[in-house]
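# Structural characterization, general
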Amino acid sequence: MTKEFFVPHAVIVDGYSGGVHLAPEFNKRGISCLHVQSDSKIWPLVEPTFDYTPYREKLYIKDGFEALIQKLKNAEVVAVLPGTETGVELADQISEALMLPSNGTKLSEARRNKFLMIETCRQADIPVADQFCADNLPALLSWHRASGLKNVIVKPLNSAGTDGVFKCQTSSDLEKAFHRIYGKENKLALNNDLVLVQEFLQGTEYFIDSVSKNGQHAFTDIWKYKKRSINGHDFVYDKNDLCAYDDPTVVLLRAYVVKVLNALNIQNGPAHAEVMMTEKGPRLVEIGARLDGVTIPQVNRICVGFSPVDTTIDAFLSVDDFSKVQKNGYAIGKHASTVYLTAYQEGLLKSFTGETILKNLPSFHQMTLRMKLGGKIYKTVNYFTAPGVMTLIHADRAVIESDYLKIRELENSNQLLEITPEMPL
């Protein structure tokens, strides 16, 4: 890095998914950004949406960690952040090596490995689900029988978006799930060499977005999940609803997540926690030490006046603004829901017949599509196979709910997507 680059820099590791918003916002505040790629290949699912434009320089870990650190020492680095899940551990290593605000490397693996994550919380006396992890089916079946649990969740150790997540009751169910997970490549382009079985948590699921600075935690937005069983798969994303900061359930969730953040030493930067509110109280599903993958900063700014991205950057550059959120939380000015579109057929997209109707809904704000005319459409079985994601915003929650029901009506009556069977070669 040449001497003329001696201006403040932020380092973003794997700036994909929700991390695409970080560099442009740092740039607006006069901070140049350097992109560090943790692997020679970009995560295939996010490659089409990634843009290097906001970055001054691209760096690669393949050149060696020490060489990378030496290069970064020649820049005035003020912040190191992961953009997405694959960048969490390397961001910990870089920030620690540069002696910058960091979560440190001691618990890096526990912040990625879902089994270690839960066990670390258990050791901190935080109520969590029973679980077991193994690389072979007999061990998993033996644990399941001994546990006495009627329902369990089977999933990979490292993935995202409910990829490879199955609800099982019987040994036969568990065996089928094991073979669908073990040895397969997941949506993070990682090999599933271990399979996790967890107690099924019955209740209502929430996700809680937070930002931390030196162990002080600010909550930027909290949403209630709704998932459903469709196309032969459980836990398919349906919609998320923005929750009031002072709702009694949310108050309990915030107190619980503070304990989780501290147990996992998430002391600096953003976090995205998924927590089930059960009849026994909150129970952690998982947490990522990075931004939510579907963060849309403008939605948060319209609804509460700021976004998780804004507060993340404030944690490094604007102590007063961070402290304000840390102390006061947020107040809802407008309600919002995220709705995941659904495809009930597989084939080629002939037309998006309901597009005009969707865009004319009273609460329509924006829509991100993952489909193109003539392109392949898959049945929706998880977050990644939803053909699109919509945001509904309105001052009246009832208007949003009415529009949501209209979307599902269009899908159920085949008036949203026209899909033709894909002809064999």
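So, here is what we can say about the structure in this document. Throughout this document, residue positions are counted from 1 along each chain, in the order its sequence is written. Only residues with pLDDT of 70 or above have their local features reported here, since the model is predicted, and side-chain atom pairs are shown and tallied only from 80 upward, although totals for entire chains, interfaces and linings are computed over all residues. By convention in this description, side-chain values take in all heavy atoms of the structure and omit both hydrogens and water.

### Some remarks on the nonpolar core
To keep it simple, the criterion reads: Residues enter a nonpolar core if they are buried and are Ala, Val, Leu, Ile, Met, Phe, Trp, Tyr or Cys, with the set joined through side-chain atoms within 4.5 Å. Each residue is placed in one exposure class: buried if its accessible area under a 1.4 Å probe, protein chains only, is under 20% of its type's maximum, exposed if it is over 50%, and partly exposed if it falls in between. Residue contacts are counted whenever heavy atoms from the two residues lie within 4.5 Å of one another.
Residues Phe 26, Ile 208, Leu 284 and Ile 287 are the most contacted members of the largest nonpolar core, which totals 69 residues. When neighbours within four sequence positions are excluded, Ile 208 is seen to be in contact with Phe 219, Asp 221, Ile 222, Leu 253, Val 257, Ala 271, His 272, Ala 273 and Val 275. Counting residues in each nonpolar core, the second largest holds 19 residues, with Val 339, Leu 358, Leu 361 and Met 390 among its members.

### Overview of the side chain of Ser 318
Put simply, the test is: Under the scheme used here, helices are H or I runs from DSSP no shorter than 4 residues and strands are E runs no shorter than 2 residues, and both carry numbers assigned from the N terminus.
Position of Ser 318 relative to the elements: it lies in the loop between helix 9 (308-317) and helix 10 (319-328). Residue classification places Ser 318 among the buried positions, given a relative accessible area of 17%. Among residues more than four places away in sequence, those in contact with Ser 318 are Arg 29 and Ile 313.

### Concerning the packing of helix 5 (residues 137-147) against helix 6 (residues 171-181)
Note the threshold: To define axes, lines are fitted to C-alpha atoms, for helices over the stretch in contact only, and angles between the resulting N-to-C directions are given on a 0 to 180 degree scale. Here a crossing is taken to be left-handed if its near helix is turned anticlockwise relative to the far helix by less than a right angle, and right-handed if that turn runs clockwise. Under the scheme applied, nonpolar residues are Ala, Val, Leu, Ile, Met, Phe, Trp, Tyr, Cys and Pro; charged residues are Asp, Glu, Lys and Arg; polar residues are all the others, including Gly.
Contact geometry of helix 5 with helix 6 gives a least axis separation of 10 Å together with a crossing angle of 145 degrees. In the crossing of helix 5 with helix 6, the sense of the turn from one axis to the other is right-handed. Here Leu 137, Leu 140, Leu 141 and His 144 of helix 5 lie close against helix 6, whose contacting residues are Ser 171, Leu 174, Glu 175, Phe 178 and His 179. For the contact of helix 5 with helix 6, the residue count by class is 5 nonpolar, 3 polar and 1 charged.

### Examining unusual backbone geometry
Trans is the prevailing form of peptide bonds, just as negative phi is the prevailing case for residues other than glycine. Its identity is not glycine, yet Phe 235 carries a phi of approximately 60 degrees, on the positive side. By secondary structure assignment, the location of Phe 235 is in strand 11 (residues 233-242). For Phe 235, a relative accessible area of 18% corresponds to the buried category. With a phi close to 55 degrees, Asn 265 is a non-glycine residue in the positive phi region. As for its placement among the helices and strands, Asn 265 is situated in the loop between helix 7 (248-263) and strand 12 (269-278).

### Remarks on the sheet that holds strand 15 (residues 347-351)
Applicable threshold: Here, strands pair whenever DSSP counts at least two bridges between them.
An order of 17-15-19 is seen for the 3 strands of this open sheet, with the pairing classed as antiparallel. Since the sheet does not close on itself, it has two edges, and those belong to strand 17 (376-377) and strand 19 (418-420), each with one partner. Taken together, the 3 bridges between strand 15 and strand 19 define a ladder with antiparallel strand orientation. Looking at strand 19, one finds that Leu 349 is bridged to Ile 419.

### Focus on the sheet that holds strand 2 (residues 32-37)
Read from one edge of the open sheet, 4 strands run 3-2-1-4, paired in parallel fashion. The strands lining the two open edges of the sheet, one partner per strand, are strand 3 (57-60) and strand 4 (76-82). Between one strand axis and the next, the sheet turns by 25 degrees as a mean value, whatever way the strands run. The pairing of strand 1 (residues 8-13) with strand 2 spans 5 bridges and is classified as parallel. What sits directly across from Val 13, in strand 2, is Val 36. Seen against the sheet, helix 3 (residues 88-97) touches strand 1, strand 2 and strand 4 and runs at an angle of roughly 155 degrees to strand 4.

### Remarks on the packing of aromatic side chains
Where we set the bar: Aromatic pairing here means that ring centres of Phe, Tyr or Trp (its six-membered ring) are within 6.5 Å. Orientation follows from the plane angle: under 30 degrees is stacked, over 60 is edge-to-face, and everything else is tilted.
Per the counting criterion, the structure on display carries 14 aromatic pairs. For the pair Phe 178 and Tyr 182, a centre-to-centre distance of 5.1 Å together with 10 degrees between the ring planes defines the contact as stacked. On the basis of relative accessible area, Tyr 182 is assigned to the partly exposed category, the value being 33%. Ring geometry for Phe 207 versus Trp 223: centroids 6.0 Å apart, planes at 15 degrees, classification stacked. One end of the pair, Phe 207, is in strand 9 (residues 204-213); the other, Trp 223, is in strand 10 (residues 216-230), and 16 residues separate them in sequence. For the residue pair Phe 207 and Trp 223, the accessibility class agrees, reading buried in each case.

### Quick notes on the pattern of salt bridges
How we decide: The working definition used for a salt bridge is a side-chain nitrogen of Lys or Arg within 4 Å of a carboxyl oxygen of Asp or Glu.
Applying the stated criterion across every chain, the model contains 26 salt bridges. The salt bridge involving Lys 239 is made with Glu 401; its shortest N-O contact spans 3.3 Å. Taken together, the positions of Lys 239 in strand 11 and Glu 401 in helix 12 (residues 397-412) put the pair 162 residues apart, joining distant regions of the chain. Note that Lys 376 and Glu 422 form a salt bridge whose closest N and O atoms lie 2.5 Å from each other. One end of the pair, Lys 376, is in strand 17; the other, Glu 422, is in the segment after strand 19, with 46 residues separating them in the sequence. With relative accessibility at 31%, the residue Lys 376 sits in the partly exposed group. The exposure class assigned to Glu 422 is partly exposed, which follows from its relative accessible area of 43%. What you see here is one network of salt bridges that share partners, running through Lys 226, Arg 228, Asp 238, Arg 408 and Glu 411.

### Considering the environment of Gly 18
Here Gly 18 lies in the loop between strand 1 and helix 1 (22-28). Judged by relative accessible area, which is 1%, Gly 18 ranks as buried. Not counting residues up to four positions away in its chain, the partners in contact with Gly 18 are Gly 83, Leu 291, Asp 292 and Gly 293.

### Side note on the environment of Gly 269
Tracing the chain through its elements places Gly 269 in strand 12. A relative accessible area of 1% means that Gly 269 is categorised as buried. Residues Gly 269 and His 217 lie 52 residues apart in sequence; the distance between their C-alpha atoms is 9.3 Å.

### Topic: helix 9
The condition is simple: Here a polar contact is taken to be a pair of N or O atoms separated by no more than 3.5 Å, where protein atoms must pair a possible hydrogen donor with a possible acceptor and residues adjacent in sequence count only if both atoms sit in side chains.
Taking burial as the measure, the 10 residues of helix 9 include 9 buried ones, the bulk of the element. Listing the buried residues of helix 9 in full gives Pro 308, Val 309, Asp 310, Thr 311, Thr 312, Ile 313, Asp 314, Ala 315 and Phe 316. Put simply, Ser 307 is the residue that caps the front of helix 9, since its side-chain oxygen is 3.2 Å from the backbone nitrogen of Val 309.

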